[in-house]
Amino acid sequence: MFEPDEIETAACPVCNSNDFQVAYDRFKPYLVVQCQSCSVYYL
Ligand SMILES: [Zn+2]
């Protein structure tokens, strides 16, 4: 199992930005985030 601090937060696949906001964290170990640059959602 993944530890909380092992959840990876990848850069945006569209614009490669690391500026994101957490959208959902109920699908652990996956964390759904929304890119603040282009608004795309990704894991
Ligand atoms: Zn983006």
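The structure under discussion appears in the preceding block.
Residues numbered from 1 in each chain as written. Predicted model: local features only at pLDDT ≥ 70, side-chain atom pairs only at ≥ 80, totals over all residues.

A short note on the overall build of the protein
Next up, step 1: A count of helical and extended segments in the protein gives zero helices and three strands.
Next up, step 2: What you see in the protein, going N to C, is helices and strands ordered as β-β-β.
Next up, step 3: Within the protein, the fraction of its 43 residues that count as buried is 9%.
Next up, step 4: By sequence separation, contacts in the protein at least 24 residues apart represent 22% of the contacts at least 6 residues apart. (Helix = DSSP H or I, 4+ residues; strand = E, 2+ residues; numbered from the N terminus. Buried ≥ 20, exposed ≤ 12 C-beta atoms within 10 Å, placed from the backbone. Contact = placed C-beta atoms within 7 Å.)

Section: the environment of Y30
Next up, step 1: Structurally, the position occupied by Y30 is in strand β2 (residues 30-35).
Next up, step 2: In sequence terms Y30 and L43 are 13 residues apart; their C-alpha atoms lie 6.3 Å from each other.

Quick notes on the pairing of strand β1 (residues 20-27)
Next up, step 1: Sheet topology note: the β1/β2 ladder contains five bridges and is antiparallel. Considered in β2, the bridge of F27 is made with Y30.
Next up, step 2: Where β1 hands over to β2, the hairpin turn is made up of two residues, counted between the paired strands. (Pairing = 2+ DSSP bridges.)

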